[in-house]
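Fold and contact review
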Amino acid sequence: MLTDKRFIIVTGVICILPVIAGIFLWSRLPESMATSFTWDGVPTAYHPKWFAVFVIPLMITAVHGLCAFSVLKREDYGNFRALGYGWAILICPVISIFAGVSLYAYGLGYDISLTFISVSVVVAITLIYGIRMFLKNRK
């Protein structure tokens, strides 16, 4: 169980990485930031900079904590629990990184497609989950 708790802590820290990046980029970000986009990259909603940098990642981190708590408190349901645990714990960091990269890239004027960000995040999460499972099964 200790390994699972460490994994939850690591993924929780990943959830708040956009806050740290936002603090470093604070002076370069616009006062009003786009916080919602269509898949074509067209903004559909704007919020103050503090909302995009602090509130969105912290809300995702809170959902991550709720997922971690609920998954760890369930009884063992065999392979389904392991699969559900992996996805429930990893989905929030994926969403947090995806949101942070897309919000900051647009705010800084970079032209990065959401498809590129999506594929990059999926590749990263697959590598992280695969390495974790490899290390777990190696013991």
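This report concerns the structure included in the present document. (Residues numbered from 1 in each chain as written. Predicted model: local features only at pLDDT ≥ 70, side-chain atom pairs only at ≥ 80, totals over all residues. Heavy atoms only, no water.)

**Some points on the overall build of the chain**
The following threshold applies: A run of H or I in DSSP counts as a helix once it spans at least four residues, and a run of E counts as a strand once it spans at least two, with each numbered from the N terminus. Any two residues having at least one pair of non-hydrogen atoms within 4.5 Å are treated as being in contact. Method for areas: the Shrake-Rupley scheme with a 1.4 Å probe, in which residue coverage is limited to the protein chains shown.
Helix and strand content of the chain: 5 helices and 2 strands. The linear arrangement of helices and strands in the chain, starting from the amino end, is α-α-β-β-α-α-α. In the chain, the share of contacts with a sequence separation of at least 24, taken over all contacts with a separation of at least 6, comes to 66%. Taken as a whole, the chain presents about 8,800 Å² of accessible surface, with 71% of it coming from carbon and sulfur.

**Observations regarding helix H3 (residues 49-73)**
Spelled out, the test is: For a helix, the expected span equals 1.5 Å multiplied by the number of residues minus one. In this scheme, the bend at a residue equals the angle between the axes fitted to the seven residues that finish there and the seven that begin there. Here's how the labels work: a residue is buried when its accessible area is under 20% of the maximum for its type, exposed when over 50%, partly exposed in between, all with a 1.4 Å probe on protein chains only.
Its 25 residues place the ends of H3 36 Å apart at the C-alpha level, agreeing with the 36 Å of an ideal helix rising 1.5 Å per residue. The sharpest bend along H3 reaches about 30° and sits at Val-55, with the proline Pro-57 one to four residues further on. Residues of H3 that are buried include every one of Lys-49, Ala-52, Val-53, Ile-56, Pro-57, Ile-60, Thr-61, His-64, Ala-68 and Val-71, and no others.

**Side note on a nonpolar patch on the surface**
What counts here: Nonpolar side chains (Val, Leu, Ile, Met, Phe, Trp, Tyr) within 5 Å and like charges within 9 Å form the patches, drawn only from residues with over 30% relative accessible area and no salt bridge. Salt bridges are defined as contacts in which a side-chain nitrogen from Lys or Arg sits within 4 Å of a carboxyl oxygen from Asp or Glu.
Together, Val-119, Val-123, Leu-127, Ile-131, Phe-134 and Leu-135 make up an exposed nonpolar region whose accessible area comes to about 580 Å². Taking relative accessible area as the criterion, Leu-135 reaches 42% and is therefore assigned partly exposed.

**Some remarks on the packing of aromatic side chains**
The cut-off we apply is this: When two rings of Phe, Tyr or Trp (its six-membered ring) have centres within 6.5 Å they constitute a pair, described as stacked for plane angles under 30 degrees, edge-to-face for angles over 60, and tilted for the intermediate range.
The full count for this structure, using the stated rule, is 3 aromatic pairs. Seen from their ring centres, Trp-26 and Phe-54 are 5.9 Å apart, and the 45° between their planes marks the pair as tilted. Residue Trp-26 is found in the loop between helix H2 (17-25) and strand S1 (32-37), and its partner Phe-54 is found in helix H3; the two are separated by 28 residues along the sequence. Overall, the relative accessible area of 32% leaves Trp-26 in the partly exposed class. Overall, Phe-54 belongs to the partly exposed group, its relative accessible area being 30%. Where Trp-50 meets Phe-51, the ring centres are 6.0 Å apart and the plane angle is 80°; that geometry is what we call edge-to-face.

**Quick look at the environment of Ser-118**
Among the structural elements, Ser-118 can be located in helix H5 (residues 114-138). As a C-alpha pair, Ser-118 and Phe-98 span 20 residues in sequence and 7.0 Å in three-dimensional space. Among all residues touching Ser-118, those that are not within four sequence positions of it are Trp-39 and Phe-98.

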